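Overview (structure and organization)
Single-letter residue listing:
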Amino acid sequence: MDKEKKAKSTDPIAVFDSGLGGISVVRKLVKLLPNENIIYFGDSKNAPYGTKDRDELLGLCDRNIGMLLDMGAKCVIIACNTATSAAAAYLREKYPFLPIIGMEPAVKPASKIAEKPKVLVLATPVTISGVKLKDLIHCFDEEASFTLLPAPELVRFVESGVNDNADSPELYSYLRELFKDFGPSEPSSSPGLRFDAVVLGCTHFPFVRRTILKALGYEVPVFDGREGTCRQAERMLSEAGLLNKSGKPGKVELLNSDETKLPLEKALLEY
Ligand code: DGL
């Protein structure tokens, strides 16, 4: 098939992630653009992406986009902070005819939550160590102070079916250990380490948002980049004259490189 064929507004928006996390983006997308047809590809067979090296990530993302183009995608949303950080620039160069929308950790709104807020940014090791996040934070480091914390195991928990509804003691202990230096609710903990906001810089993490706050020991506003990404997709499609205005509810097709994950994807879409 000619990959540079003229796109139509009824063609699907393709969304991909390393696995189940991007479903959290699809949920927002369906609410914002209910007429759009959506193809979701979760690459659970190759999850996690957040601990892989750049060359491997480029290869996986390239393969994902090739497959989604063959399925007729009119644009691609990289519903993965890790893949965006490592591969978005490369992919935009390789597929200049294709609108590609990535994820950005919601550092900007978090930095405006208070006067000089303390912001905890949780993400995968690749995102935390990437230049993209460093550059983004640099734009706001006079307005807020940031603590960047890699949480590699969180992706594995979500991939194994754990979420806020599952009430997993293992997940809670993992998070308590992760946050041991940052103000769990014991009276002895230093008030100086209390955060004013948390940024979830990985699309798997919204599924364990309540457990993250419980382990942190206090309520704070939580930000993530899903809404911003979906609005950016809406803008790009509108500018390209590719928004689906059929007025009919769109279809959502779920695909996964590990087919045993499809029931989990369906459950998370409705969760
Ligand atoms: N959900 C992805 C992200 O937003 C990737 C997680 C992973 O596979 O490590 O970073």
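Look above for the structure.
These notes cover the structure that comes with them. (Residues numbered from 1 in each chain as written. Predicted model: local features only at pLDDT ≥ 70, side-chain atom pairs only at ≥ 80, totals over all residues. Heavy atoms only, no water.)

**Considerations on unusual backbone geometry**
Put simply, A47 and P48 share a cis peptide bond, and its omega is 0°. Along the chain, P48 turns up in the loop between β2 (38-42) and α2 (54-70). For K116, which is not glycine, the phi torsion reads 45° and is therefore positive. Looking at where K116 falls in the secondary structure, it is placed in the loop between α4 (107-111) and β5 (118-123). The phi angle at D167 is positive, at roughly 50°, despite the residue not being glycine. Here D167 is to be found in the loop between α7 (152-159) and α8 (169-178). (Helix = DSSP H or I, 4+ residues; strand = E, 2+ residues; numbered from the N terminus.)

**Quick notes on the environment of I100**
Here I100 lies in strand β4 (residues 100-101). Along the chain, I100 and V252 lie 152 residues apart, while their C-alpha atoms are 19 Å from each other. Aside from chain neighbours lying at most four places away, what touches I100 is I65, V76, I78, L91, R92, Y95 and M236. (Contact = heavy atoms within 4.5 Å.)

**Side note on the nonpolar core**
Ranked by size, the top nonpolar core spans 52 residues in total, and within it V15, L122, L154, L175, F179, F205 and I212 carry the most contacts. With near-sequence residues (within four places) excluded, L175 lies in contact with L154, T211, I212 and A215. Judged by nonpolar contacts, the second largest core, of 25 residues, contains C61, V76, L98 and V126. (Core = buried A, V, L, I, M, F, W, Y, C linked by side-chain atoms within 4.5 Å. Buried < 20%, exposed > 50% of the residue type's maximum accessible area, 1.4 Å probe, protein only.)

**So, the packing of aromatic side chains**
Summed over all chains, the structure comprises two aromatic pairs. Arranged with centres 6.3 Å apart and planes meeting at 80°, the rings of Y95 and F97 form a pair that is edge-to-face. Aromatic pair F157 and Y174: ring centres 5.8 Å apart, planes at 40°, arrangement tilted. One end of the pair, F157, is in helix α7; the other, Y174, is in helix α8, with 17 residues separating them in the sequence. Judged by its relative accessible area of 16%, F157 falls in the buried class. Y174 gets classed as buried once you look at its relative accessible area, which sits at 17%. The ring of Y218 has R194 lying over it, and the distance from NZ or CZ to the ring centre is 4.0 Å. The ring of Y172 has K214 sitting right over it, with the charged end atom 5.1 Å from the ring centre. (Phe/Tyr/Trp six-rings, centres within 6.5 Å; stacked < 30°, edge-to-face > 60°. Lys NZ or Arg CZ within 6 Å of the ring centre and 35° of its normal.)

**Remarks on the packing of α7 against α8**
Here α7 crosses α8 at 170°, and the two axes come no closer than 11 Å. Our classification of the angle between α7 and α8 gives roughly antiparallel. Contacts from P152, E153, L154 and F157 in α7 reach E170, L171, Y174 and L175 in α8. Here the contact of α7 with α8 is composed, by residue class, of six nonpolar, no polar and two charged. (Axes fitted to C-alpha atoms, helices over the stretch in contact; angles between N-to-C directions. Parallel < 35°, antiparallel > 145°, perpendicular 65-115°, else oblique. Nonpolar A, V, L, I, M, F, W, Y, C, P; charged D, E, K, R; others polar.)

**Let's talk about the sheet that holds strand β7 (residues 197-200)**
The parallel open sheet is built from four strands, whose spatial order is β6-β5-β7-β8. Either end of the sheet is taken by a strand with one partner, and the two such strands are β6 (145-150) and β8 (222-224). Direction aside, the axes of adjacent strands within the sheet are offset by 25° on average. One ladder, built from four bridges, connects β5 with β7; its direction is parallel. From the neighbouring strand, V121 faces β7, where its bridge partner is V199. Across the sheet, helix α9 (residues 209-216) touches β5, β7 and β8, and the angle it forms with β7 is around 140°. (Pairing = 2+ DSSP bridges.)

**Considering the site of the ligand**
Neighbouring the ligand are 13 residues; S18, Y49, G50, T82 and H204 lie closest to it. Within the contact set of the ligand, an oxygen atom lies 2.6 Å away from a side-chain nitrogen or oxygen of T82. Protein chains shield 99% of the accessible area of the ligand, which is 300 Å² for the free molecule. Taken together, the residues of the shell around the ligand sort by class into five nonpolar, seven polar and one charged. (Near = heavy atom within 4 Å. Polar contact = N/O pair within 3.5 Å; in protein donor to acceptor, adjacent residues only side chain to side chain. Areas by Shrake-Rupley, 256 points an atom, 1.4 Å probe, with all protein chains shown as cover.)

Note that every value here comes from positions in space, so none of it alone points to a role or purpose.
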